[in-house]
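# Summary of the model geometry
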Amino acid sequence: MLGMRRLWPVLAVLVAVSAIGAVTIPRIWLGDTSSVSAAFDSPPAYPGYQWKHDGHSVSSEELGASGGPSHCNWQSATILMVGWPLGTLSGNAGQTRVYIRDPRGVMGRSYRQTLVTHARLPVDARPTGYKLGSIELYLSSSDRDQAAYLVAPSGAERWPRADPFYACA
């Protein structure tokens, strides 16, 4: 009975919060990371999922992947923003590299045409230490200015870099 007495205040708060609808879902990954498409065919809204670097959570200013803005009708595309150089907390566009996953072509035909959903990693591709569940971010020294690789247990995708990145109005 003593355990239930301690639990009542917590239950009361949960009931009160759910009654007013003020529940905020934390930025944690709760889905399938067995493939890149499972994770990003329906990308989350900004700020996206919580990525980790070497086992520690990072902010979206360091690395974030989320759906594009809905007011542009880009929400089916994923925008991967990487603080540059790696590990930087980006404060402006000059400190950010942007890579796009747009299989439907909502952001323009060029991103759809240069996306490779069944990619082979270049021989010089290396893990960056950034992970979302079992998905890892890889970069290749031979083409890191052109693409980023997201690698899952079922395969890899090559996301083209947006250089420069233009936002919608």
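Residues numbered from 1 in each chain as written. Predicted model: local features only at pLDDT ≥ 70, side-chain atom pairs only at ≥ 80, totals over all residues. Heavy atoms only, no water.

### Here's the deal with the layout of surface pockets
Gaps between atoms show up when a probe of the same size as a water molecule is rolled over them. Quantified by volume, the largest pocket comes out at close to 510 Å³. In terms of lining residues, the largest pocket is bounded by 29 residues, among which Ile-79, Met-81, Thr-96, Val-98 and Phe-165 are the most central. Classifying every residue of the lining of the largest pocket by side-chain character gives 17 nonpolar, nine polar and three charged. (1 Å grid on protein atoms, 1.4 Å probe; cavity = no way out; pocket = protein on both sides within 12 Å on 5 of 7 lines; lining within 4 Å. Points joined across faces, edges and corners; volume = space filled by probe spheres on them. Nonpolar A, V, L, I, M, F, W, Y, C, P; charged D, E, K, R; others polar.)

### Examining unusual backbone geometry
The step from Trp-84 to Pro-85 runs through a cis peptide bond, and the omega angle for that step is -5°. Considering the arrangement of structural elements, one finds Pro-85 in the loop between β4 (78-83) and β5 (96-101). Following Asp-163, the chain continues into Pro-164 via a peptide bond in cis, with omega recorded as 0°. Counting through the fold element by element, Pro-164 comes out in the segment after β10 (155-160). You will see that Asp-54, though not glycine, has its phi angle at about 50°, which is positive. Relative to the helices and strands, Asp-54 is located in the loop between β1 (52-53) and β2 (56-57). Despite not being glycine, Asn-73 has its phi angle at roughly 65°, a positive value. Looking at the element boundaries, Asn-73 is found in the loop between β3 (63-67) and β4. Asn-73 sits in the exposed class, given a relative accessible area of 52%. (Helix = DSSP H or I, 4+ residues; strand = E, 2+ residues; numbered from the N terminus. Buried < 20%, exposed > 50% of the residue type's maximum accessible area, 1.4 Å probe, protein only.)

### Here we look at the nonpolar core
Side chains of nonpolar character tend, in soluble globular proteins, to be buried together. By size, the foremost hydrophobic cluster in this structure holds 22 residues, and its most contacted members are Phe-40, Trp-51, Leu-63, Leu-80, Leu-137, Leu-150 and Trp-159. Trp-74, Ile-100, Tyr-111 and Ala-162 belong to the second largest nonpolar core, which has nine residues in total. (Core = buried A, V, L, I, M, F, W, Y, C linked by side-chain atoms within 4.5 Å.)

### Quick word on the side chain of Thr-33
Here Thr-33 shows up in the loop between α1 (2-20) and α2 (36-40). Contacts of Thr-33, omitting those with residues within four sequence positions, involve Leu-132, Gly-133, Ser-134, Ile-135, Ala-152 and Pro-153. (Contact = heavy atoms within 4.5 Å.)

### Considerations on the confidence of the model for the protein
In this model, the protein carries a mean pLDDT of 84, and residues with pLDDT of at least 70 account for 82%. Under a pLDDT of 50 for its full length, residues 1-29 has, in the predicted model, 15 contacts with residues more than four places off or in other chains. (pLDDT = per-residue confidence, 0-100.)

### Details of the packing of aromatic side chains
A full pass over the atoms with the stated rule returns two aromatic pairs. Plain terms: the ring middles of Phe-40 and Trp-159 are 5.5 Å apart, the flat faces sit at 85° to each other, and that makes the pair edge-to-face. With Phe-40 in helix α2 and Trp-159 in strand β10, this residue pair connects regions lying 119 residues apart in the sequence. Pair check on accessibility: Phe-40 and Trp-159 agree, each one buried. Three or more aromatic residues link up through ring pairs in this structure, and these residues are Phe-40, Tyr-49 and Trp-159. Over the aromatic face of Trp-84 sits the side chain of Arg-97, whose NZ or CZ is 4.0 Å from the ring centroid. (Phe/Tyr/Trp six-rings, centres within 6.5 Å; stacked < 30°, edge-to-face > 60°. Lys NZ or Arg CZ within 6 Å of the ring centre and 35° of its normal.)

### Overview of the pattern of salt bridges
Applying the stated criterion across every chain yields a total of five salt bridges. One salt bridge connects Arg-158 with Asp-143, and the closest N-O pair in it is separated by 3.4 Å. Highlighted residues: Arg-158 in strand β10 and Asp-143 in the loop between β8 (135-140) and β9 (147-152), separated in sequence by 15 residues. Exposure remark for Asp-143: the relative accessible area of 10% places this residue in the buried category. When salt bridges that share partners are traced, they join Asp-41, Arg-101 and Glu-157 into one network. (Salt bridge = Lys/Arg side-chain N within 4 Å of Asp/Glu carboxyl O.)

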